[in-house]
There are 2 protein chains.
Amino acid sequence: MAEIIVAPHAGFCFGVRRAIALAEKVSAEKGGKRIWSMGPLIHNPQEVQRLRGLGIEVMASEEDAKEGDTVIIRSHGIPPQKERELLQKGLRLVDATCPYVKAVHQAVEKLVQEGYFVVLVGERDHPEVIGTLGYLQEAGGTGVVVEKKEDLEKLKNLERVGVVAQTTQSEQFFKEVVGELALWVKELKVINTICNATSERQEDVYELAGKVDVMIIVGGKNSGNTRRLYQISSSLNPRSYHVETAEELKPEWFVGVQRVGITAGASTPDWIIEQVKSKIQELLS
Amino acid sequence: MAEIIVAPHAGFCFGVRRAIALAEKVSAEKGGKRIWSMGPLIHNPQEVQRLRGLGIEVMASEEDAKEGDTVIIRSHGIPPQKERELLQKGLRLVDATCPYVKAVHQAVEKLVQEGYFVVLVGERDHPEVIGTLGYLQEAGGTGVVVEKKEDLEKLKNLERVGVVAQTTQSEQFFKEVVGELALWVKELKVINTICNATSERQEDVYELAGKVDVMIIVGGKNSGNTRRLYQISSSLNPRSYHVETAEELKPEWFVGVQRVGITAGASTPDWIIEQVKSKIQELLS
Ligand code: F3S
Ligand code: F3S
């Protein structure tokens, strides 16, 4: 009997799963009434389409939502100033900010209270970072976003620096930034707020790819984290394939195969993974 | 006119200079009576010999000192438990612990008070580290010495870690340790206690070696920090020479030379640097 093993952390992370579950719950309660999400809940067009079917529309502009409407804050979070603004407009907010993102907000507040200048390692224009900077401002603190090594140059004369990271920050860069800062400042406090969703997904592949005959990675061809999973898998198993949907699976990949591994990038919904799994089952039998 | 430039930080560091000045003062007050130093005040046989001439003997065993004797604690410091023990024996202590080493003791006490597990980056058997571990114990804290990357493995499950360094720790290794730890622990506090004596000496050479015709590095042939200065100098100026004393200077090095740079390792006394300088002056004229 051929065997199919789906990696334990395939697909959506905890925070996105939670946000979508919340959205579905709100949709059920509202009985088909229109609900807004502030930006897409997940970067996956098929899933956004499915949610639209449940009455959850992506807000194009804040003017879209009218008094009394329900607005879902997605996993990335928003600045507290923005939250107040929306409440003042009479909107009903459903906060699906990921608890790990909330932990970044709290870490920033703590560092500000303790008198640290805050360094947020992340991408300046990322919605999560914009949200976190809002909490920094709200707490009355000062700080900067560090995106690349050169951003550190300006920090040479600081005495007490507190560091946090965007949840999806690469560990390698975070490590380098912390190491450099430790040499420059008198006192450094680091609260590691990197979420392990990305590394868990990658560790799954390190664990699984060598143990199966064929490894299938499911996810958008332009999804960076999916491509990375495919790279890792290929380095361990030459019979690794990256597909977006079940249609792309080729029968010849599975000839004489006993064990197939499946994993999926963080933006791949479970139902697409399921379709891939069923198709493979069919090809194997 | 030929010119000789002595690097601003050539020779003894601040802490050693201070310890020797203290020893000389004690010697003057004691009027030739025997004074002990706990270990050599500096790793330079000629200087130890000179101090012996001032009545300052290196203690071979703690039994050497009798009640009423004066004992100098050198720049590395000692554990507070040892200090009490010596005082109980009726010895008079002169504390020449370097203020930068005291700063490490204080940093450790602070981290313990704040509830951190302490990581001391340094050499387990170094007298300074032994002293600092005494302060860790005295404060009721727990911690470890990290000497090499493998020592970090045991620290993977800690939640709150505070890091300090032996004052002469290499910046590169400290940086790597801090970076790794930042990924593993929930909260990391780093107090950079590396003394800049070593890097100042090296920066002097980077600054000076390229601007002179000949560069002379003075210091023990087995002194690691002197050899490093010579390495840096050679990479910038092929006419770099490492000598232990003025006798080793060769007239041919200075033929047609306009500018000579001099620096010295951290264990080279000023009077040896002066002798080298005078001899070069002679050779240049
Ligand atoms: S949204 Fe996902 S990537 Fe981490 S921070 Fe939350 S689990
Ligand atoms: S003894 Fe010297 S090397 Fe630094 S810590 Fe004190 S100045």
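Since the structure is predicted, the reported quantities are computational estimates derived from the model, not experimental observations.

> How do you make sense of the sheet that holds strand β9 (residues 187-191) of chain B when you look at a structure like this?
Strands pair in a sheet through their backbones, by hydrogen bonds, and they do so in one of two ways: parallel or antiparallel. Read from one edge of the open sheet, eight strands run β7(A)-β6(A)-β8(A)-β9(A)-β9(B)-β8(B)-β6(B)-β7(B), paired in mixed fashion. Whereas interior strands pair on both sides, the edge strands pair on one side only; in this sheet they are β7 (143-146) of chain A together with β7 (143-146) of chain B. The sheet shows a mean angle of 20 degrees between the axes of neighbouring strands, taken without regard to direction. Direction of pairing for strand β8 (residues 160-165) of chain A relative to strand β9 (residues 187-191) of chain A: parallel, over a ladder of four bridges. Counted as the bridge partner of A:R160 is A:E187 from β9(A).

> Would you mind showing me how to read the site of ligand 1 here?
Near ligand 1 the following residues occur: A:C13, A:G15, A:S75, A:C98, A:Y100, A:T167, A:C195 and A:A197. Looking at the shell around ligand 1 residue by residue, the class counts come to five nonpolar, three polar and no charged.

> Explanation requested: the packing of aromatic side chains in the structure shown.
The geometry of two aromatic rings is summed up by the distance between their centres and the angle between their planes. Residue and element names in this part refer to chain A. All told, the structure shown has six aromatic pairs over all chains when counted by the stated rule. Relative to Y100, the ring of F14 has its centre 5.6 Å away and its plane inclined at 55 degrees; by these criteria the two rings are tilted. One end of the pair, F14, is in helix α1 (residues 14-30); the other, Y100, is in helix α4 (residues 99-113), with 86 residues separating them in the sequence. Note on F14: relative accessible area 44%, which makes it partly exposed.

> Any chance you could explain the sheet that holds strand β3 (residues 56-58) of chain A here in plain terms?
All names here are of chain A. Strand order across the open sheet formed by four strands is β3-β2-β4-β5, with parallel pairing between neighbours. Looking at the sheet topology across the chains shown, the edges are occupied by β3 and β5 (92-95). Neighbour-to-neighbour, the strand axes of this sheet turn through a mean angle of 30 degrees, independent of strand direction.

> Just checking my understanding: could you explain the site of ligand 2 for this structure?
Taken together, B:C13, B:G15, B:S75, B:C98, B:Y100, B:T167, B:C195 and B:A197 are the residues near ligand 2. Of the residues contributing to the shell around ligand 2, the split by class is five nonpolar, three polar and no charged.

> Where do I start with the side chain of A:H242 in this structure?
All names here are of chain A. When you line up the elements, H242 lands in strand β11 (residues 240-243). A polar atom in the side chain of H242 sits 2.9 Å from the backbone oxygen of G219. Apart from the residues lying within four places of it in its own chain, the contact partners of H242 are I217, G219, G220, K221, T226, R227, Y230 and E248.

> How do you make sense of the pairing of β5(A) when you look at a structure like this?
A regular strand carries its side chains on alternate faces of the sheet. Residues and elements named next belong to chain A. Judged from the four bridges that link them, strand β4 (residues 70-73) and β5 form a sheet pairing that is parallel. Note on β5: the bridge partner recorded for V71 is L93. You can see the chain leave β4, run along helix α3 (residues 80-88) and come back into β5, and the turn it takes is right-handed.

> Can you walk me through the UniProt feature "binding site: dimethylallyl diphosphate" (unreviewed entry) in chain A in this structure?
Residue and element names in this part refer to chain A. The positions that UniProt labels "binding site: dimethylallyl diphosphate" (unreviewed entry) are, in the present scheme, H43, H76, H126, S223, N225 and S267. Position of H126 among the secondary structure elements: in the loop between β6 (117-121) and α5 (127-138). In contact with H126, other than residues within four places in its own chain, are H76 and Q166. Within the secondary structure, N225 sits in helix α8 (residues 224-236). Accessibility expressed as a relative area gives 31% for N225, which makes it partly exposed.

Cut-offs used in this document
- Residues numbered from 1 in each chain as written.
- Chains lettered and ligands numbered in written order.
- Predicted model: local features only at pLDDT ≥ 70, side-chain atom pairs only at ≥ 80, totals over all residues.
- Heavy atoms only, no water.
- Pairing = 2+ DSSP bridges.
- Helix = DSSP H or I, 4+ residues; strand = E, 2+ residues; numbered from the N terminus.
- Axes fitted to C-alpha atoms, helices over the stretch in contact; angles between N-to-C directions.
- Near = heavy atom within 4 Å.
- Nonpolar A, V, L, I, M, F, W, Y, C, P; charged D, E, K, R; others polar.
- Phe/Tyr/Trp six-rings, centres within 6.5 Å; stacked < 30°, edge-to-face > 60°.
- Buried < 20%, exposed > 50% of the residue type's maximum accessible area, 1.4 Å probe, protein only.
- Polar contact = N/O pair within 3.5 Å; in protein donor to acceptor, adjacent residues only side chain to side chain.
- Contact = heavy atoms within 4.5 Å.
- Right-handed = clockwise from strand over helix to strand, strands pointing away.
- UniProt positions renumbered as here; feature names shortened; annotations may be inferred.

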